[in-house]
Each structure stands twice: as C-alpha cells, then as structure tokens.
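Residue-level listing of the chains:
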Amino acid sequence: MTESEVGRGRLKVFLGAAPGVGKTYRMLDEGHRRARRGTDVVAALVECHRRPLTEERLKGLEVIPRAAGAHRSGERAELDGDAVLRRRPQVALIDELAHSNPPGGRHAKRWQEVEQLLSAGIDVVTTVNIQHLESLSDVAERITGVPQRETVPDDVVRRADQIELVDMPAEALRRRMAHGNIYEAERIDAALSNYFRPGNLTALRELALLWVAGRVDEALQKYRSEQGIDRVWETRERVVVALTGGAEGETLIRRAARIADRSAGGDLLAVHIIRSNGLAGGTSSASLARQRALVESLGGSYHSVVGDDVAAALSEFARAENATQLVVGTSRRRRLERFLTGRGIGETIVELSQDIDVHMVTHERVGGGRLLPSRRRTLPTARLVAGPVSGLVLPVVLTFLLDSSRGSLNLTSEALLFLVVVVGVACVGGVVSALVASVTASLLLNYWFIPPIGEFTVSGPNNILALLVFAVVAATVAAIVDRSLRLSRRAARATAEAETLSSLAGSIVRGDQAVPVLLERTRETFAMASVELLDRPAADGGAVNLPVGPDAHLVLRGRTLPASELRVLTAFTAHVAAALERARLVEAAAEVEPVRAADRMRTALLAAVSHDLRTPLAAGWAAISSLRSTEVEFSEEDRSELLSTAEESMARLNRLVGNLLDMSRLQAGALTLALRPTTLGEVLPAALDSLPCDPAAVTVRIPDGVPPVVADPPLLERVIANVVGNAVRYSPPGRPVVITASALADRVEFRFIDRGPGLAGAERDRAFVPFQRLGDTDNTTGVGLGLALARGLAEAMDGTLTPEDTPGGGLTMALSLPAAVPEFL
C-alpha cells in the first residue's frame, strides 16, 4: 500500500545536549508507557552502551534482531529495516537518528531508514544529540573541539510531530560521569577533562534550549495563524521598531534593542512599510540598507511590508508577529504641517495598538521635516474638507473687505484679488475646491462690484472679458493641480514598486532564494496571514491564487489585495517560479551526478593508466624476452638482474591494478569491510615491507598503551602503505618519515610526519583527487591514486585522513580511526 493509503507514521524525537543525559532511557520509558496502553511496541534498535540501568530498562520489550554484518566493532550490527517492515509494529524504538550506515547498504543514514518506516505508517520514537543537527555541527565542533562526522538534516527533526528535550545541568551530568553511569572507569578522567568540561556542557545545553525554544515558537505561530488569533500572547518580549528610512532610524533601533535585551530571549524585529502607491517622504534606500545592517548586527531581523495605511499595516504586522512592544519615532513634521494635515501616524498607532505597548521615542529630527511632504498618495482628509469650505468662505470674506474700502480700487484690481483667492483655494483643495471658489467668487464679483451693482448682470465688453479670463485662469490652475497630483501618484507608485523589487532582488543576491524563504518574504511584504504552494488552486473564495508553474499555485490568504499591489505580486510570483525550477534542476542534477562522476572516473582512468600500465609491462616483457633469447649468453649476475627487473615490474603492475580495483569499488560503493579490533603491530610491518624503499627511510615511534582500532586489517595496511610511500617519495635524503600514534577520547590518531616540501592550503584538496600528483610532472611511478585511495579507505572505516603542516617544514598526514572501545553516543 502507498503512504496515502496507510497514512504516514508519527515521529517523536528525544533531543539531548550531550551524551549521557538519559535520552535512550526516556525512549525506553516511552515504549513501556505505550505498551501498557496496549500499543504494539518493538525495540528496533537500542544502544545501551553497556549501561546497566539502560539494559535493565530494555527488558520486557520485544527486540528486533539486527541485520548481519558489523559496523565499527564486531559487537555492533545495524538496524534491520526490512525486518521491522515485515513485523509492522505500531511503534518502533530506534536510537541514534544521525548514525551513518556502512557503505553498500540501501540507505547511507539511519534517518533515511526511519523515513521509510514512517512512510509505511509505522510510528517511530528516536533520539538525537544537539551537536548532530547539521546546522549546529560546526558550532558544536568549535565548542568541544571534536568534529561531528554524523549529522542529520535539521528539517528531518523539525518535521517531527513531537520534540521532547531531555535536559540535565552540567554539574549533574558530570556527577553521573564520575559515578560510572556513562563510561567505564578507565575513560572517566579523560572524558571529564575534555568533552565533558563544564563550559562545553553549558554551551551545548544552551544550544539545545534555544533550538527547542525556536521550534516551540514556530508551533505557537502556526497555531495562532490556524485559529485566527490576533491578540498578543506575552510568552516572551518581541520588540518591533518602525523604520522610515530617515536619519532617526539608528536611534530607534538602538532604543528597541535595549528594550529587547532587558528580557532574556527577547526578539528584535525592524519593519519598513512600503505604500503600494508611494513611499513616505524622506525615505532613503541607502539609509534603509545601513539600518538593516545595524539591525542584523544586533541580532534582529529586518522586514518590508506593503500597506496603503502605514499605521494599520504596522499594527497588523506587530499583531501577526505576536509583538509585545512597538517602538516608533515622534513626528518630524512641523506645527504648521500638523495643523494642515491633522493627526499623525504615531497617534493613530497608539489607538490601533490595543494590548501592544507603544514607545514614542524622541530624536534629534523632531519637528525638522518639510512644510509639506514632497509625495502624496492623495489629499489628506483635512485638505479635502478645508478646500471646499475655503472656496465658499474666502470669497465672502474678501467681498466684505473690499466693500468696506469701496472706491479705493478699480474693478480690475478687485477681479485680480478674487482670482488670487481662487488660485489659492485650487492649490489647497484641488479641482472641486477650485470650481466651488470660482463660482462663488464670480457671483460675488458680479453682484457687488460690476455695474449695475446689486444685480446679476454684465455690461460692457471689458467686464465680459474680465470674467472670461477669470474663469479660464481658475480652470487652468485647477487642471494643473489635478494633473500634478495624478503625476505625483504615478511617480510615487513607480518608486514604491521599485523599492519593493529592489528589496526582493537584494534578498536574492544575499542568497535568500530558497522557496520557503521566498514564501515567507511574500507573506511579510504583502501583510498576508499565510502564503503557501499547492498543486491546485485553493477552493475557498477568499484566497488569492496565482499559477507559478504547470503543477504549482501560489495561494495567499488574508486581506484583499488592491489592483496596484497585484503587479508587484506578479514579480514575486516569477521569483517563486524560478526558485521552484532551480529546485527541480538541482534535484535532476543530483540524480545525474553519480552517472557523470562515474563517466569522469572512467575517462580519467583510461587517460591515466595508458602509460602506467605499459611501463611495467614493457620492462617485464623486455627482461623475460632477453632471458628467453638464445643469441646472447648472460652471466649469472646478468640473469639475476633481469629476473629482479621482471619481478619488480610485475610487483608494480600488481600494486597498480590492486589500487585501481579498490578505487573502483569505493566509487561504486561495493567495497566489502570486515571490521574488527586491530592493533598497529598487526598491519605496520607488512605495510612497510611492501614499500620499495630503504627501511632506514621510516622511523616508528609508537608509545605503549595505544588501544587497538576498529578497522579492516588488509585495508588499514593499504592505507598506511600508500601514505608512508607518498611521504617517503617527497622526503629529502637523510630525513626519515616518522610514524607516531596517540589516543584521544574514543579515537586513535596516527601521524605520518615528513620533512618534504609540504603543501600549500590550495593544493591540499587536490592531493586527494585521483590521478593527481604534486606538480603533475612525474607519472613514471604510478597514476596518483595513493592518497585518494588512502582517504577513501579511511572514510569507509569511519576514519579521516587530513593533511597538516609539520613544524619546521614538511607535511604531516593525520589518520584518525575509532578506538575499539564503546563509542560516544
């Protein structure tokens, strides 16, 4: 049956900060609890690590036998996924989610086995440490100094239905270690002095707590969105600071950061509102870029939101992000501007904020704005009301003034004064106000000042011409004002769209082009409740559906989008479509890459071995042909030399063919391993004897007490022979290669030290590429497979081979392998 027919299983993860906190024990507790409820539970794979309490807790649960074949040590086999599928329990307990499977299996990682069981409808309970999450492995390595070789993608754990943190204070964990509850007695001192130092454990614990807190916050936001909850839940301080792009932005950001810092775990979010048909006056893209960099340097996040009503858009964003504090700057407008345009954004935000605390922060730019903003999306309400009223009142006031001084001005001057009033009203209120003022002024001028006074009549061509000019000028001014406003709106809309698209392009340049990132940015920019990709249009009528490909639709839910925003949304849709196509291409390239790699390997192999196979064949053939010849009589000394040449040539040919076969097996993932505890004394003599060099060219300094390693002895012998052979080749005469070994925690490290020319940083990776040699100048002694094969074999045995500088000059190859003792969790 398919996954859709049986339903996907549920995944529960016990997450810990370090080995020994009790993840496996808690997983077994969970198994017993479910079994008591009548659930069919099996222990598919549980690593007890010889801990008596854990082994005791495993009793009473059905254990699935492990798959045949050892990994790392002879006592440890692997998860038998096929057996679990045949058994089909309701719940499977599987330890160590990040574990790597041996080469040649169906899945490279254990989490992939878990995904297969979940797809089959089986619930899985598992464990993982915080340092094994892919995004945090490098952080954990910097903290502990131990490289993390086994990782699991964060998304695998994020998708878990339940994540439970298994927490323990650092000192309590160290006490568990000291009491022998984690490792054997001989390992306790080394562990307490290295990995389990108090600072290490505290830092790892903080990583785990913060990561889980982030997942809890994601779940909370998802729940609030699904339930339509817009009231603020003060689970933790989330401070939103509003940015206009003005010079006061840095002051507001630092003030908001101080507010967020007062609460441990407080979040800082900066938001810039972009009007769909224009930007607020004073906006500077360069200033916004600097302010964004400042926010991110302080640990905050920057957001851009489209909204016609700045105050409403800002309040909606704050509620959507569950903000508890909102920081805005006091108005930059002067008193006259505030009088003409009414109350500002700050006062409106205070009214809309409801249960969000609003901080009105003063700054050096208070009252320093222009008289009127250079761009207006439309006339404010105050001017829309004041214009027509002024068109009625001002001509009447002017009539009384002129009537009180009748006789001092002639009709032309009086008409010009009325014209000035009409022009002024047109500038304030636009076309409608100009028409009202024009009609009112013309009627008053005709009745009170044009003879015969007191009657609506016109006598004389001069009076008629004056009235016509009056009407034409008024209409012209009104038309110019109206056209200016329309052009201003168009320019402002274009500016806003350019600003939004510029911000989108900037995020793509910074690498924020993954589909989930673009979807989240689209949601924030257009202040929507949710944005998602579906394979078909949404059925509900309130959603906005836009096709982004043959089988994908972008669905936005929330407010109704005006037509002016749909054009910008189309650009976002194009970027989402491009990101989807890139993802498909990357997936297709990943499928093709193994084939291409095999082709490259075959091409390189054919190009490289043509000379190197012929050289020993030619030398051996010549020696044997000479010996078979009856035309020349060879002395015993000559015959011995020819036989030695033939033998050496065949030995070189045998080594070359063996290396080629092993490299082919590695590339194909078909190398068979027989891992077991192996001492250096088992493999080192044979490895050195196989080298065609003077025994004095190698010095062995292995201290007593170095534990055996988990390895395949013949393969380890090949690794040592290849590494030492390479070191001898480049070491100067009289400077032998030195071999040393030491144990650290659960690893044993062998060091092969030479005094040759060494390798620069850029050349170190090339040294491990097949068919490459230092300088690519000498192809007479092999095809350059030695180091490539050595690293491949080492990694197949769960080891590493890394180059380091030798103090005083030269190169040191460090071979690290797991010790034949119980390993770390």
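Quick caveat, the model's predicted, so the values are computed rather than measured. (Residues numbered from 1 in each chain as written. Predicted model: local features only at pLDDT ≥ 70, side-chain atom pairs only at ≥ 80, totals over all residues. Heavy atoms only, no water.)

Before going further, it helps to spend a moment on the overall build of the protein. In terms of helices and strands, the protein carries 25 helices and 21 strands. By sequence separation, contacts in the protein at least 24 residues apart represent 72% of the contacts at least 6 residues apart. Put simply, the protein shows about 40800 Å² of open surface, and 56% of that area lies on carbon and sulfur atoms. (Helix = DSSP H or I, 4+ residues; strand = E, 2+ residues; numbered from the N terminus. Contact = heavy atoms within 4.5 Å. Areas by Shrake-Rupley, 256 points an atom, 1.4 Å probe, with all protein chains shown as cover.)

Moving on: the confidence of the model for the protein. Here the protein averages 75 in pLDDT, and 72% of its residues register 70 or above. Across residues 277-282, where pLDDT falls below 50, the model places 21 contacts with residues more than four positions away in sequence or in other chains. Confidence over residues 771-784 falls short of pLDDT 50; this stretch has 36 contacts with residues more than four positions distant or in other chains. (pLDDT = per-residue confidence, 0-100.)

With that settled, the discussion passes to a nonpolar patch on the surface. Judged by side-chain polarity, Leu-384, Val-385, Val-389, Leu-392, Val-393, Val-397 and Leu-401 come together as a nonpolar surface patch covering roughly 610 Å² of accessible area. Position of Val-385 relative to the elements: it lies in helix H16 (residues 381-404). (Patch = residues over 30% accessible without salt bridge, like charges linked within 9 Å, V, L, I, M, F, W, Y side chains within 5 Å. Salt bridge = Lys/Arg side-chain N within 4 Å of Asp/Glu carboxyl O.)

This paragraph deals with the pairing of strand S19 (residues 747-753). Pairing of strand S18 (residues 737-744) with S19 involves 7 bridges; the strand directions are antiparallel. Paired with Leu-744 across the two strands is Arg-747, which belongs to S19. As defined by bridge partners, S19 adjoins strand S21 (residues 811-818) across 7 bridges and the pair is classed as antiparallel. Residue pairing across strands places Phe-752 opposite Met-813, the latter belonging to S21. (Pairing = 2+ DSSP bridges.)

Across the sheet, 6 strands lie side by side as S3-S2-S4-S5-S1-S6; this open sheet has parallel pairing. Sheet topology places strand S3 (62-63) and strand S6 (162-166) at the edges, where each strand pairs with a single neighbour. Note that strand S2 (residues 41-45) and S3 share 2 bridges and pair parallel. Paired with Ala-43 across the strands is Val-63, a residue of S3.

This paragraph deals with unusual backbone geometry. Located in the positive-phi region is Arg-88, a residue other than glycine, with phi close to 50 degrees. With phi around 55 degrees, Glu-96 is a residue other than glycine that occupies positive phi space. Turning to its location among the elements, Glu-96 is positioned in the loop between strand S4 (91-94) and helix H5 (110-119). For Glu-96, a relative accessible area of 11% translates into the label buried. (Buried < 20%, exposed > 50% of the residue type's maximum accessible area, 1.4 Å probe, protein only.)

A few words now on the packing of aromatic side chains. A full pass over the atoms with the stated rule returns 3 aromatic pairs. Between Tyr-447 and Trp-448, the aromatic rings sit 5.7 Å apart at their centres with planes inclined by 75 degrees, giving edge-to-face as the arrangement. The class for Tyr-447 is partly exposed, based on a relative accessible area of 28%. (Phe/Tyr/Trp six-rings, centres within 6.5 Å; stacked < 30°, edge-to-face > 60°.)

What follows is about the sheet that holds strand S10 (residues 325-329). Ordered in space as S9-S8-S7-S10-S11, the 5 strands form an open sheet in which the pairing is parallel. Looking at strand neighbours, the two that pair on one side only are strand S9 (301-306) and strand S11 (357-361), the edges of this open sheet. Averaged over all adjacent pairs, the angle separating strand axes in this sheet is 25 degrees, with direction ignored. The sheet contact formed by strand S8 (residues 267-274) and S9 spans 6 bridges and is parallel. (Axes fitted to C-alpha atoms, helices over the stretch in contact; angles between N-to-C directions.)

On to helix H13 (residues 310-320). Most of H13 sits inside the fold, with 8 of its 11 residues counted as buried. Burial in H13 covers these residues: Val-310, Ala-311, Ala-313, Leu-314, Ser-315, Phe-317, Ala-318 and Arg-319. The positive-phi residue at the C-terminal boundary of H13 is Asn-322, with phi of around 55 degrees.

Residue placement: Glu-682 occurs in helix H22 (residues 680-689). Considering only alpha carbons, one finds Glu-682 and Pro-713, 31 residues apart in sequence, at a separation of 7.6 Å. When near neighbours in sequence (up to four residues on either side) are disregarded, Glu-682 contacts Arg-676 and Pro-677. One polar contact links Glu-682 to Arg-676, side chain to side chain, over a distance of 2.9 Å. At 3.0 Å, the side chain of Glu-682 forms a polar contact with the backbone nitrogen of Thr-679. (Polar contact = N/O pair within 3.5 Å; in protein donor to acceptor, adjacent residues only side chain to side chain.)

To continue, consider the pattern of salt bridges. Across all of its chains, the model carries 25 salt bridges by this definition. Note that Glu-30 and Arg-34 form a salt bridge whose closest N and O atoms lie 2.9 Å from each other. You can see Glu-30 and its partner Arg-34 sitting in helix H2 (residues 23-36), 4 residues apart, about one turn around the helix. Each member of the pair, Glu-30 together with Arg-34, is buried. Across the pair Glu-78 and Arg-110 runs a salt bridge, and its minimum N-O distance is 3.4 Å. Note that Glu-78 is positioned in the loop between S3 and helix H4 (81-87) and Arg-110 in helix H5, a separation of 32 residues in sequence. The exposure classification of Glu-78 matches that of Arg-110, with both residues buried. One network of salt bridges, with partners in common, ties together Lys-12, Arg-26, Glu-30, Arg-33, Arg-34 and Glu-164.

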